[in-house]
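Chain residues, written in single-letter form:
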Amino acid sequence: MLIILKRVFRTAWQGLIRNSWLSIACITMLTISLMILGTILIFNNVSNELVGILEEKMDISIYFKREVPEEDILKIRDELIGNEKIAKIEYISQEEALAIFEERSSRNPTIMRALEELGENPLAAFLSIKAKDTAYYSEIIDEVNSSAFKDKLMTVDLAENQRVIERISALSTGIKLGSFLMIIVAALLSILISFNTIRMAIYSLRGEIEIMKLVGASNWFVRGPFLLEGALYGLFASFIAIVILMPMVMWISPKVQSFISEISINSYFWSHFWYIFGIQAVFGMALGVIAGFWAMNRYLKV
Amino acid sequence: MSLVYFKNVSKAYNGSLILDNVTFKIDPGEFASLVGRSGVGKTTLLKMLLKEESPTKGRIFFNDKDINKLKNQEIALLRRKIGMVFQDFKLLTHKTAYENVAFAMEVAGYPERMIEKDAPELLKLVNLEGRANNFPYQLSAGEKQRVVIARVLAQRPELILADEPTGDLDPINTWEIIKLLTKINELGTAIILATHNKEVINTLGRRVISLDGGKIIRDEEEGRYLI
């Protein structure tokens, strides 16, 4: 067994070195495929993070009329907690709302002065609601608008929120769907490119395969080195792909961060370096082996 | 027991009959030549023995085993017992002369030490000891054919099929190859030589099976090229 493995490895290595142009062509194509894969992995993470950030920032604030007593609001809160679409409800009293507002406006002396002149707390108490899914926000708003306590609300804010919520919800669904479609298209494209290149490589070696068979080699004796060669193509391609991705990530990361400060491609790349490289290597080797296996079968029928 | 037995074998391609009800036997250690014009079906006949092709009708036996009933793994074993010398050499182009010979031994599962000992000796036997590390493109036609013979010998076959082995060679190399084949035959390996080289056949003075129109028209023990 060890002798067979040694022979398979030696033949595969010879094939890789001696058919250097063919090997370079296959490794180049696989590298392109794996770079597409690596980019998809990174993009997928960026889009997930973006959706997460948007979703995290989303909430509905139900403002109550100033005359509504606190115990009524708390009763409404307890009622809403039972709603299965709602993940979290937070009650913000008039005093708390003022404290938050003062903190946010502390650097704006005009607002602070206006607040002092008013002499009383102009802010309303509110319930801050986070839904279990962004798609639920508009439904929750509809339910609140048609609820028994709708007269106690300052409903104008809800209507405005609804439009924003709908847009963000559509955007996050769009990003998820878009990145999914991109993964499918890019994966298919890369598989097609690699498959065809390896198929052509095997086609050019069909004479050798025929000779091996005529000398009495079994199908697996012929196949083994070719499959291992395919796996080696994939492994080398994944090394090259990750090395090329490094400067690309370092170049693009600050550009993305200048738009969305919370997203750092660079830190994602380095914290997930082995994950990305591992997926690339496994995918590349699998592509090389499967494409080789599939392309060879026809020529083994000698 | 005969080594090879073609029993009423016919072969047709797209309805056109190439071999028509051919029957003959080859004994172990025999040297027989198949002669006939190009396209008469000599190569087809040899390909059927290697199970590269299947007969349209009839049966082919090797060591009393029906070749058509062999499974994939058994076909590989059959091919290790039958060495083939081709007109176009069929050497592995990315392997050196030594590696081509070693490959046949690896296929047969010989241990590394035996390969390292035997392969250079076989190359020496065909006068190629200095060319072991040359690739086929670095060898002349005669040298390539001698590598093929060394490869065939590495298989230790019971039968060698030689399909126009001298077709691409000059007269000197032609006679060297024929001499090698007769020497191998004298050591006990049966040989079927397909050729249309009249001079070679007439000089050999061995059994000659003449094909014409898809049929065997003559089968003589010490035959001559008479087509």
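Residues numbered from 1 in each chain as written. Chains lettered and ligands numbered in written order. Predicted model: local features only at pLDDT ≥ 70, side-chain atom pairs only at ≥ 80, totals over all residues.

(A) Structural view of the overall build of chain B. A count of helices and strands for chain B gives seven helices and ten strands. Computed over its C-alpha atoms, the radius of gyration of chain B comes to 17 Å, within 12% of the 17 Å expected for a compact globule of 227 residues. Projected onto the principal axes, the alpha-carbon positions of chain B cover approximately 45 × 40 × 35 Å. Here chain B holds 227 residues, and 45% of them are scored as buried. (Helix = DSSP H or I, 4+ residues; strand = E, 2+ residues; numbered from the N terminus. Rg over C-alpha atoms; globule rule 2.2 N^0.38 Å. Buried ≥ 20, exposed ≤ 12 C-beta atoms within 10 Å, placed from the backbone.)

(B) Summary view of the domain arrangement of chain A. All names here are of chain A. According to the domain assignment, chain A consists of domain 1 (7–55 + 172–300) and domain 2 (59–171). Between the C-alpha centres of domain 1 and domain 2 the distance comes to 50 Å. With six residues of domain 1 in contact, the opposing surface of domain 2 contributes five residues. Those elements giving two or more residues to the side of domain 1 that touches domain 2 turn out to be α2 (20–57) and α7 (156–204). (Domains from an automatic or database assignment. Contact = placed C-beta atoms within 7 Å.)

(C) Region of interest: the sheet that holds strand β1 (residues 4–13) of chain B. Residue and element names in this part refer to chain B. Here we have four strands laid out as an open sheet, ordered β2-β1-β4-β5, and antiparallel in their pairing. One side of each edge strand has no neighbouring strand; the edge strands of this open sheet are β2 (16–26) and β5 (65–66). In this structure, β1 lies alongside strand β4 (residues 57–62), joined through five bridges in antiparallel fashion. Residue pairing in the sheet places Phe-6 in a bridge with Ile-60 of β4. Along the sheet face, helix α1 (residues 42–49) touches β1, β2 and β4 and points at about 120 degrees away from the line of β1. (Pairing = 2+ DSSP bridges. Axes fitted to C-alpha atoms, helices over the stretch in contact; angles between N-to-C directions.)

(D) The sheet that holds strand β8 (residues 190–195) of chain B, seen in detail. Residue and element names in this part refer to chain B. Taken together, six strands build an open sheet; the order of strands is β6-β7-β8-β3-β9-β10 and the sheet is mixed. The open sheet terminates on both sides in strands that have one partner only, identified here as β6 (82–85) and β10 (215–220). Taking each pair of neighbouring strands and ignoring which way they run, the sheet shows an average axis angle of 15 degrees. Here β6 runs beside strand β7 (residues 159–163); their pairing, made up of four bridges, is parallel.

(E) Spotlight on the nonpolar core. Grouped together as the largest cluster of nonpolar side chains are 111 residues, with contacts concentrated most on Val-101, Ala-150, Leu-161 and Ile-192 of chain B. Counting residues per element, this core draws most heavily on helix α9 (residues 219–259) of chain A, which supplies 13 residues. When near neighbours in sequence (up to four residues on either side) are disregarded, Leu-161 of chain B contacts Leu-46, Leu-49, Leu-50, Ile-82, Met-84 and Ile-192 of chain B. Ile-60, Tyr-137, Val-144 and Leu-153 of chain A belong to the second-largest nonpolar core, a separate cluster that totals 19 residues. (Core = buried A, V, L, I, M, F, W, Y, C linked by C-beta atoms within 7 Å.)

(F) A look at the packing of α2 of chain A against helix α11 (residues 273–296) of chain A. All names here are of chain A. One way to put it is that α2 packs onto α11 with a least axis distance of 10 Å and a crossing angle of 140 degrees. As far as their axial angle goes, α11 and α2 are oblique. Relative to α11, α2 is oriented so that their crossing is right-handed. Between α2 and α11, the contacting residues are Leu-30, Ser-33, Leu-34, Leu-37, Gly-38 and Leu-41 on the first element and Ile-276, Ile-279, Gln-280, Phe-283, Gly-284, Leu-287 and Gly-288 on the second. (Parallel < 35°, antiparallel > 145°, perpendicular 65-115°, else oblique. Left-handed = near helix turned anticlockwise from the far one by under 90°.)

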